[in-house]
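If you want the building blocks of each chain, they are given just below.
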Amino acid sequence: MAAGVKVICTECDFTTEAWSDGNPYYLDEHGVKRYAYHPSSEADLCVAVDTPYICMKCAHEFNVDSAAPTRRCPECNFGQISSLWRLAGKTCPRCKSGEIVVSGSMIS
Ligand SMILES: [Zn+2]
Ligand SMILES: [Zn+2]
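It should be emphasised that the depicted structure is a prediction, and the values quoted were computed from it without experimental measurement. (Residues numbered from 1 in each chain as written. Chains lettered and ligands numbered in written order. Predicted model: local features only at pLDDT ≥ 70, side-chain atom pairs only at ≥ 80, totals over all residues. Heavy atoms only, no water.)

## Regarding the coordination of the zinc ion (ligand 2)
Part 1 of the reasoning: Looking at the zinc ion (ligand 2), one finds its protein donor set to be Cys9 (SG), Cys12 (SG), Cys92 (SG) and Cys95 (SG), positioned 2.3 Å from the metal centre.
Part 2 of the reasoning: Here the zinc ion (ligand 2) binds 4 donor atoms, and the angle range of 104 to 114° at the metal identifies the geometry as tetrahedral.
Part 3 of the reasoning: Read from N- to C-terminus, the donor residues coordinating the zinc ion (ligand 2) fall into the pattern C-x2-C-x79-C-x2-C. Of this pair, Cys9 sits in strand 1 (residues 3-9) while Cys95 sits in the loop between strand 7 (81-83) and strand 8 (100-107), and the two are 86 residues apart along the sequence. (Donors = N, O, S within 2.8 Å, 3.2 Å for Na, K, Ca; no water. Tetrahedral: all angles 85-135°; square planar, octahedral: opposite > 155°, others 65-115°. Helix = DSSP H or I, 4+ residues; strand = E, 2+ residues; numbered from the N terminus.)

Printed below as a string of structure tokens:
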């Protein structure tokens, strides 16, 4: 089971969802990345985790792979990124004026 939250901006229509433990994945026999969703017997095979991040400049959402972590936005190369999970209380990266609030929790 994983805890999830809805991430919302107080000003614009920016909204997204985040899970506390990211998206665990494993590689199949062809070396292709496969996500293991909850609940799943494949969870035992997982080798790394993709964590959803957002760029604080261009609001591009992307995954940071724990096997090959990055600290820069792949879109604009900006060096300030935040995991969606830790976005609460920060200035909205899309409208730059609202504040990000986290609403409730979801359980998978
Ligand atoms: Zn960016
Ligand atoms: Zn906003």
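## Quick notes on the pairing of strand 2 (residues 15-19)
Part 1 of the reasoning: Burial along strand 2 is one-sided: the face carrying Thr16 and Ala18 is buried and the face carrying Thr15, Glu17 and Trp19 is not.
Part 2 of the reasoning: Bridging between strand 1 and strand 2 involves 5 bridges; their strand directions are antiparallel. Along strand 2, the bridge assignment pairs Val5 with Ala18.
Part 3 of the reasoning: The turn joining strand 1 and strand 2, which pair antiparallel and follow one another in sequence, is formed by 5 residues. (Buried < 20%, exposed > 50% of the residue type's maximum accessible area, 1.4 Å probe, protein only. Pairing = 2+ DSSP bridges.)

## Some words on the nonpolar core
Part 1 of the reasoning: Grouped together as the largest cluster of nonpolar side chains are 12 residues: Val5, Val7, Cys9, Phe14, Ala18, Ile54, Met56, Ala59, Leu84, Leu87, Cys92 and Ile100.
Part 2 of the reasoning: With 3 residues, strand 1 is the single largest residue contributor to this core.
Part 3 of the reasoning: Residues in contact with Cys9, not counting those within four places in the same chain, are Phe14, Cys92, Cys95, Gly98, Glu99 and Ile100.
Part 4 of the reasoning: Ranked by size, the runner-up nonpolar core spans 6 residues in total, among them Tyr53, Phe62, Cys73 and Ile81. (Core = buried A, V, L, I, M, F, W, Y, C linked by side-chain atoms within 4.5 Å. Contact = heavy atoms within 4.5 Å.)

## Some details on the coordination of the zinc ion (ligand 1)
Part 1 of the reasoning: Bound to the zinc ion (ligand 1) are the protein donor atoms Cys55 (SG), Cys58 (SG), Cys73 (SG) and Cys76 (SG), situated 2.2 to 2.4 Å from the metal.
Part 2 of the reasoning: Around the zinc ion (ligand 1) sit 4 donor atoms; with metal-centred angles ranging over 105 to 115°, the donor geometry is tetrahedral.
Part 3 of the reasoning: Summarised as a motif, the one-chain spacing of the donors to the zinc ion (ligand 1) is C-x2-C-x14-C-x2-C.
Part 4 of the reasoning: By relative accessible area, Cys76 is classed as partly exposed at 30%.

## Examining the pattern of salt bridges
For side chains of opposite charge, pairing can occur when their charged atoms come near one another.
Part 1 of the reasoning: A full pass over the atoms with the stated rule returns 5 salt bridges.
Part 2 of the reasoning: Taking the shortest distance from any N to any O, the salt bridge between Asp50 and Lys33 comes out at 3.4 Å. Residue Asp50 is found in strand 5 (residues 48-55), and its partner Lys33 is found in strand 4 (residues 33-35); the two are separated by 17 residues along the sequence.
Part 3 of the reasoning: Asp50 gets classed as buried once you look at its relative accessible area, which sits at 2%.
Part 4 of the reasoning: Looking at Lys33, the relative accessible area reads 37%, which means it is partly exposed.
Part 5 of the reasoning: Between Asp65 and Lys33 there is a salt bridge; the shortest N-O distance is 3.0 Å. Of the two residues, Asp65 is situated in strand 6 (residues 61-65) and Lys33 in strand 4; the sequence distance between them amounts to 32 residues.
Part 6 of the reasoning: Among the residues examined, Asp65 registers a relative accessible area of 14% and is labelled buried.
Part 7 of the reasoning: Salt bridges sharing common partners tie together Lys33, Asp50 and Asp65. (Salt bridge = Lys/Arg side-chain N within 4 Å of Asp/Glu carboxyl O.)

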